Amino acid sequence: MTLAALVCCVMTTAVFTACGDEDTPTTYRYQIALDKRSSQYVDQVLYNATEEKDVLDALNQAIKYDGTVYTHYSEKQDDLMKAACEAVKKEYADKVPNSIYMKFDLYRIDSEGGNSEMAEIIGSYELGQALTKPYVAYSVVTNHDEAYRGLKAKKAALDADVYQASFATLKTLVGIHMEVTDTLPSGAISTTRLDQYSVFEDHYKDMLGNLYLDTEKDNNAIVGYCDSVAQSHANDTLAVDAVVAVQKTNFLTSECVDVWRKTFRANKYK
């Protein structure tokens, strides 16, 4: 059963449990569901579907699920099932999985006479390279909205050429990412998304959203490139501050830190 189906079980219980007979005996069954983060990067070589299937099959065998029929118990078997899953985890951890990350959740399903079910996670089992090595995703972060608002507020006080040059500089440094709303002749509202990459986003667009092993070499390469670009635009006309940062976010902890950050200071005011 998928995780979505399990959630459905919980929701169903919220509706029907109150109607059940208090004397109806409760039985328990167990099942394994793959956490969605495990296949988040399925298009990358860091994910191994065959390896995942092997672990999933082993976990199902450990909880005595043959793929078609669940075993129902009159009493909870939590400790027994968790110990069996821990043994599988240890076996495959010793083999050093190739996949970056796999997480399997052990559910206990409480059933009352087959009429209602309550699903509860009683254990989670993680495997993969990310448990021992830092994998990160990169992003380009800017003060895009603030910068354009600031420039718009100064427009009346700026010379036209300074305003246009500043707009062009912002376009280069932070890109253009906004929604343009128009009213059609029919009265309907049309919203169009306008996206133009900045020089930083364009350079890194193929790596954004992917996972990489965090290395000093890659960090130094990012700093070197960004410093070079910043230097080449150091004297561009700019009537407001523009902030650009390249950040990395740890896959497991979600901790986010700057690899590189630069504030391009306003140098034209009128």
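Residues numbered from 1 in each chain as written. Predicted model: local features only at pLDDT ≥ 70, side-chain atom pairs only at ≥ 80, totals over all residues. Heavy atoms only, no water.

A. Representation of the environment of Gln-196. Checked against the element boundaries, Gln-196 lands in strand S6 (residues 189-196). For the pair formed by Gln-196 and Gly-175, sequence separation is 21 residues and the distance between their alpha carbons is 5.5 Å. Excluding residues within four positions of it along the chain, Gln-196 makes contact with Lys-171, Gly-175, Ile-176, His-177 and Glu-201. A polar side-chain atom of Gln-196 sits 3.1 Å from a polar atom in the side chain of Lys-171. (Helix = DSSP H or I, 4+ residues; strand = E, 2+ residues; numbered from the N terminus. Contact = heavy atoms within 4.5 Å. Polar contact = N/O pair within 3.5 Å; in protein donor to acceptor, adjacent residues only side chain to side chain.)

B. Inspection of the sheet that holds strand S9 (residues 256-264) at higher detail. Strand order in the open sheet formed by 4 strands is S7-S4-S8-S9, with antiparallel pairing between adjacent strands. On the outer flanks of this sheet lie strand S7 (212-213) and S9, each paired with one strand and no other. Two elements, strand S4 (residues 135-142) and S7, share 2 bridges in a ladder whose sense is antiparallel. Its bridge partner being in S7, Val-136 is matched across the sheet by Tyr-212. (Pairing = 2+ DSSP bridges.)

C. Molecular detail of the packing of helix H2 (residues 49-62) against helix H3 (residues 78-94). Relative to each other, H2 and H3 sit at 150°, their axes nearing to 9 Å. In this view, H2 runs roughly antiparallel relative to H3, as classed from their interaxial angle. Seen along the crossing, H2 lies across H3 with a hand that is right-handed. Along the contact surface, H2 presents Asp-54, Val-55, Ala-58, Leu-59 and Ala-62, while H3 presents Met-81, Ala-84, Cys-85, Val-88 and Tyr-92. Class assignment for the residues of the contact of H2 with H3 results in 9 nonpolar, no polar and 1 charged. (Axes fitted to C-alpha atoms, helices over the stretch in contact; angles between N-to-C directions. Parallel < 35°, antiparallel > 145°, perpendicular 65-115°, else oblique. Left-handed = near helix turned anticlockwise from the far one by under 90°. Nonpolar A, V, L, I, M, F, W, Y, C, P; charged D, E, K, R; others polar.)

D. Looking closely at the pairing of S9. Direction of pairing for strand S8 (residues 242-250) relative to S9: antiparallel, over a ladder of 8 bridges. By the bridge assignment for S9, Val-246 is matched with Trp-260. What sits between S8 and S9 in their antiparallel hairpin is a turn of 5 residues, with Ser-254 showing a positive phi close to 65°.

E. A look at helix H4 (residues 144-154). Listed as buried for H4 are His-144, Ala-147, Tyr-148 and Leu-151. One face of H4 carries all of its buried residues, which in axial projection span an arc of 90°. With respect to the buried face of H4, the exposed residues turned more than 90 degrees away are Glu-146, Arg-149 and Ala-153. (Buried < 20%, exposed > 50% of the residue type's maximum accessible area, 1.4 Å probe, protein only. Arc of directions from axis to C-beta.)

F. Here's a closer look at the environment of Lys-95. For Lys-95, the position within the fold is in the loop between H3 and strand S2 (102-112). Of note is the side chain of Lys-95, whose polar atom sits 3.5 Å from the side chain of Glu-91.

G. Summary view of the packing of H4 against helix H5 (residues 160-174). Across the interface, H4 lies against H5 with an axial gap of 11 Å and an inter-helix angle of 175°. By the angle between their directions, the pair H4 and H5 is classed as roughly antiparallel. When H4 is examined against H5, the residues His-144, Ala-147, Tyr-148 and Leu-151 are found in contact with a partner set consisting of Tyr-163, Ser-166, Phe-167, Leu-170, Lys-171 and Val-174. Tallied by class, residues from the contact of H4 with H5 come to 7 nonpolar, 2 polar and 1 charged.

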